[in-house]
Amino acid sequence: MSLEFTLKEALTLPGEGLHWVEAKFPPASSIQKEGKCLYVILLMAVYWCTEALPIAVTSLLPISLFPLLGVLPSSKVCPQYFLDTNVLFMSGLILVLAVEEWNLHRRIAIFVLLLVGTSPARLILGMMLTTCTLSMWLSNTATTALMMPIAKSVLQNLFENMEMFKDCEEGSDLKDNTLTEPLPEEKLHLPSDGSQREEKLEIDANSTLVEQKITEEQNKLWKGFLISIPYAASIGGTATLTGTTPNLILVGQLKIYFPGCDMVNFSSWFMFSCPLAYLFLIFGWLWITFLHGGFNIRSRGKNGNAAASQARVKSVLKSEYRKLGPFTFAEGAVLGFFLLFSLMLFTRDPKFVPGWAILFQNGYVSDAVTGMTFVIILCFFPSQKPSLKWWFTPKASEKVNPPLLSWAKIQTNLPWNVILLIGGGYALAKGCEISGLSTWIGNQLHPLVSLKPSTALILILVFVTCFTELASNTATIIILLPILIKLTFRMRVNPLFLVIPATVVCSYAFMLPISTPPNSIAFATGHLKVKDMIKSGIVMNIMGILLLLLNVNTWDFRLQPLWELM
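Rules used throughout
Residues numbered from 1 in each chain as written. Predicted model: local features only at pLDDT ≥ 70, side-chain atom pairs only at ≥ 80, totals over all residues. Heavy atoms only, no water. Helix = DSSP H or I, 4+ residues; strand = E, 2+ residues; numbered from the N terminus. Buried < 20%, exposed > 50% of the residue type's maximum accessible area, 1.4 Å probe, protein only. Contact = heavy atoms within 4.5 Å. Areas by Shrake-Rupley, 256 points an atom, 1.4 Å probe, with all protein chains shown as cover. Salt bridge = Lys/Arg side-chain N within 4 Å of Asp/Glu carboxyl O. Axes fitted to C-alpha atoms, helices over the stretch in contact; angles between N-to-C directions. Parallel < 35°, antiparallel > 145°, perpendicular 65-115°, else oblique. Left-handed = near helix turned anticlockwise from the far one by under 90°. Nonpolar A, V, L, I, M, F, W, Y, C, P; charged D, E, K, R; others polar. Arc of directions from axis to C-beta.

(A) Focus on the overall build of the protein. When its secondary structure is counted, the protein shows 25 helices and two strands. Within the protein, the fraction of its 566 residues that count as buried is 48%. Nonlocal contacts in the protein, meaning residues at least 24 apart in sequence, comprise 78% of its contacts between residues at least 6 apart. Accessible surface for the protein amounts to roughly 27500 Å². Of this, 64% is attributable to carbon and sulfur atoms.

See the structure below:
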């Protein structure tokens, strides 16, 4: 017996007389289930944004609330915390721990800075390129934390006096004392001749103005260095599937709504997002360098010896590189495994040619299999170069050759809270689908259905960009993805046309210190003000949206028919 009930309404059609129209309504229990799911989502959104509870604890709420409220049974909630995509993310984090264990990331960062040059504009470019590349594999927060001390060391040697980095918003003390309160004539020891005295005062005033101008330019450059690092980290995180959490949440939710969909994998995402990331990086570098005077910065130091300042920077970078010692066997092994891991991800199923996955049973091998295979190898591969003498030395068995990565290191340093956060997002998506909440919300967005897809995309990107400035990008994408997917059904467009750009733009949060952890790290140095971040960040947001629209309309996901996703 159907639980649905019907209501017949009389409807008069012009020229056709009276007709009965049968309207169907869902049962009351179904409506209650949607409301309960919405309550859980809103509760978690408030907790995520305010951090009233730790983020990881908030992510566990679906395990408790969904079964208790009758939204979803426990047997369907718990598996969402260890899906295939979450395992891929965890394996990527463990591989990064091996890179950090042997200081390979620091060697790469210093090498790139030595390679690009030591002029201010080149150094900013080097900082951004290094940060962006590392952020593709490391977390954005870890990359920013790594690059900040390097940036500070570079700037300390680029300028002779660190006092010149003090904030100049109110003007320097030199300006206040010299220009507005000139010393009495007897303390200046000037000649009695009036013309000579005026000439001397004019020379002192001009010299002071030049010094003040140099101080202001150097202060702007300092801010440019600091602000470029978190921006590059956020951009780099969008380039790979494992670079930032929203990317993986998207893949997980696509598999929930389209179980047979494997269009978005590591290689296809990389081909779409990596060119966009580096293009955005170049435009961002031009904007930051122009805004903060990196192209026309004047002489450094008291004597205006720019060449000497750059030589000091190069000397310091070479000294830091020498401190790392020679390239070790462990570093070479980790680098080799990391490159092989990346290559295997790219070639598993690149779409335009058959990948190595065809050697195995169809549907059995995923990117998570690749990731975990390399994690297991790292846990037993020796960190010291093996020798044939080991087989002929009686006491060789007593010597321990530690592996590249130990379980103690993994257990202590793996960010389990992020893994739980992703699982909580998947659980919410499952709850939205089963309860029918996403369908209900999609029906409320009827006004957007009449818009052109391109117009709807622009409005969505602008809304997501503004929303993610105030909320975490993970919480933003968890809440919006089910809504956007249902909206695409009603608009009859490919879901990827809306959800992929919305996921990417979630990481474009540049305007406020609270927007992302990398922004907070840069702001915590004390050299940046909120207005500095807003002034540079608003242009970055606009550039990001425009470049993303360009990318969508060139590498266009609408070319794939909708029914291929089903």
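On we go.
(B) Quick peek at the environment of Leu550. Tracing the chain through its elements places Leu550 in helix 25 (residues 530–552). Residue Leu550 is classed as partly exposed on the basis of its relative accessible area of 48%. Residues Leu550 and Leu276, spaced 274 residues apart in sequence, show a C-alpha to C-alpha distance of 9.1 Å.

(C) Quick look at the pattern of salt bridges. Following the criterion strictly, the structure yields seven salt bridges and no others. Arg106 is paired through a salt bridge with Glu320; the nearest N and O atoms lie 3.0 Å apart. One end of the pair, Arg106, is in helix 6 (residues 104–116); the other, Glu320, is in helix 14 (residues 306–323), with 214 residues separating them in the sequence. We classify Arg106 as partly exposed; its relative accessible area is 21%. Notably, a salt bridge pairs Glu331 with Arg107, separated by 2.8 Å at the nearest N-O pair. Here Glu331, found in helix 15 (residues 329–347), pairs with Arg107, found in helix 6; they are 224 residues apart in sequence, far enough to count as distant. Take Glu331 and Arg107: they sit in the same class, and that class is buried. Residues joined in a network through salt bridges with shared partners are Arg106, Glu320 and Lys323.

(D) Region of interest: the packing of helix 21 (residues 453–470) against helix 22 (residues 473–491). One way to put it is that helix 21 packs onto helix 22 with a least axis distance of 11 Å and a crossing angle of 165°. The angle between helix 21 and helix 22 places the two elements in the roughly antiparallel class. The interaxial crossing formed by helix 21 with helix 22 has right-handed handedness. Contacts from Pro453, Ala456, Ile460, Phe463, Val464, Phe467 and Thr468 of helix 21 reach helix 22 at Asn473, Thr476, Leu480, Leu484, Leu487 and Met491. Grouping the constituent residues of the contact of helix 21 with helix 22 by class yields ten nonpolar, three polar and no charged.

(E) Inspection of the side chain of Thr58 at higher detail. Examined against the element boundaries, Thr58 turns out to sit in helix 2 (residues 55–59). For Thr58, a relative accessible area of 0% puts it in the buried group.

(F) Fine view of helix 3 (residues 61–69). Here helix 3 has its buried residues at Leu61, Pro62, Leu65 and Phe66. All buried residues of helix 3 fall inside an arc of 100° around its axis, so they share one side.

(G) The environment of Phe89, seen in detail. Summarising the element assignment, Phe89 is placed in helix 5 (residues 84–101). Each C-alpha atom, one on Phe89 and one on Met372, is 10.0 Å from the other, the two residues being 283 residues apart in sequence. Excluding anything up to four places from it in sequence, Phe89 contacts Thr242, Thr245, Leu248, Val418 and Ile422.

(H) Fine view of the packing of helix 13 (residues 266–291) against helix 25. At a minimum axis separation of 10 Å, helix 13 and helix 25 run at an interaxial angle of 150°. When the axes of helix 13 and helix 25 are compared, the pair comes out roughly antiparallel. For the crossing formed where helix 13 meets helix 25, the hand is right-handed. Residues Phe272, Leu276, Leu279, Phe280, Phe283, Gly284, Trp287 and Leu291 of helix 13 pack against Lys535, Ser536, Val539, Met540, Met543, Gly544, Leu547, Leu548, Asn551 and Val552 of helix 25.

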